[in-house]
Amino acid sequence: MRNNIAVVLAVGIVVAIAAVPAGAFTMAEKVVVANSLVLVSRAPAGGLDAQDRISAVNDRLAPILGYELLTPENIRLRRFHGETSIFVGNRLLTTVTVADARANGTSVYRLARVWLRNARMALPQARPYANLYLTR
């Protein structure tokens, strides 16, 4: 029952993300959680254009927000298929590619650290009270 409620809340949060007003980029290029910008994708990768990549990240957010422990130390960088990726627990959030770094005028490592910092600040706010009851 508790998991079902968490999934419903997670889906509600993802739907609410679409209501955030657009700034310099369209919402199709942004991942926003708890009214905080987590990342902007402007580059294609893995056979997906930028909008499809953001859609895939948003699809991954529902189970992440519903089931993972959303503490900063559980959100981390990891090498995955030879690329720098951000994981929440054992679930992939996104991969930071060379094309992303180039589009943002920085290195993969620096961009990954920015996106990681943003995710560590935003994701716990999506379920601020749920983390009080979760343990590893």
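Here, the structure is the one placed above.
None of these values were measured; they are calculated from a predicted model.

(A) View of the overall build of the chain. Tallying secondary structure elements over the chain gives four helices and five strands in all. Helices (α) and strands (β) of the chain occur, in sequence order from the N terminus, as α-β-β-α-β-β-β-α-α. Expressed as a percentage of its 136 residues, the buried residues of the chain come to 43%. Taking the contacts inside the chain whose residues are at least 6 apart along the sequence as the reference set, 54% of them involve residues at least 24 apart. Put simply, the chain shows about 7,600 Å² of open surface, and 56% of that area lies on carbon and sulfur atoms.

(B) Inspection of the pairing of strand 3 (residues 75–80) at higher detail. Of the pairings in the sheet, the one linking strand 3 to strand 4 (residues 83–88) comprises six bridges and is antiparallel in character. Bridge pairing links Phe80 to Glu83 in strand 4. Hairpin connection from strand 3 to strand 4: two residues lie between these consecutive antiparallel strands, with His81 at a positive phi of about 55°.

(C) A look at the layout of surface pockets. There is about 210 Å³ of room inside the second largest pocket. If you trace the second largest pocket, you find 14 residues lining it, with Ala45, Gly46, Arg53, Arg60 and Thr95 closest to the centre. When contributions to the lining of the second largest pocket are tallied by element, the ones reaching two or more residues are helix 2 (50–67) and strand 5 (91–96). In terms of residue count, helix 2 provides more of the lining of the second largest pocket than any other element does, four residues in total. When its residues are assigned to classes, the lining of the second largest pocket shows six nonpolar, five polar and three charged.

(D) Expanded view of the environment of Arg79. By secondary structure assignment, the location of Arg79 is in strand 3. Accessibility expressed as a relative area gives 56% for Arg79, which makes it exposed. Placed 16 residues apart in sequence, Arg79 and Thr95 show a C-alpha to C-alpha distance of 9.1 Å. Among the polar contacts made by the side chain of Arg79, one reaches the side chain of Thr84 at a distance of 3.0 Å.

Reading guide: rules and limits
- Residues numbered from 1 in each chain as written.
- Predicted model: local features only at pLDDT ≥ 70, side-chain atom pairs only at ≥ 80, totals over all residues.
- Heavy atoms only, no water.
- Helix = DSSP H or I, 4+ residues; strand = E, 2+ residues; numbered from the N terminus.
- Buried < 20%, exposed > 50% of the residue type's maximum accessible area, 1.4 Å probe, protein only.
- Contact = heavy atoms within 4.5 Å.
- Areas by Shrake-Rupley, 256 points an atom, 1.4 Å probe, with all protein chains shown as cover.
- Pairing = 2+ DSSP bridges.
- 1 Å grid on protein atoms, 1.4 Å probe; cavity = no way out; pocket = protein on both sides within 12 Å on 5 of 7 lines; lining within 4 Å.
- Points joined across faces, edges and corners; volume = space filled by probe spheres on them.
- Nonpolar A, V, L, I, M, F, W, Y, C, P; charged D, E, K, R; others polar.
- Polar contact = N/O pair within 3.5 Å; in protein donor to acceptor, adjacent residues only side chain to side chain.

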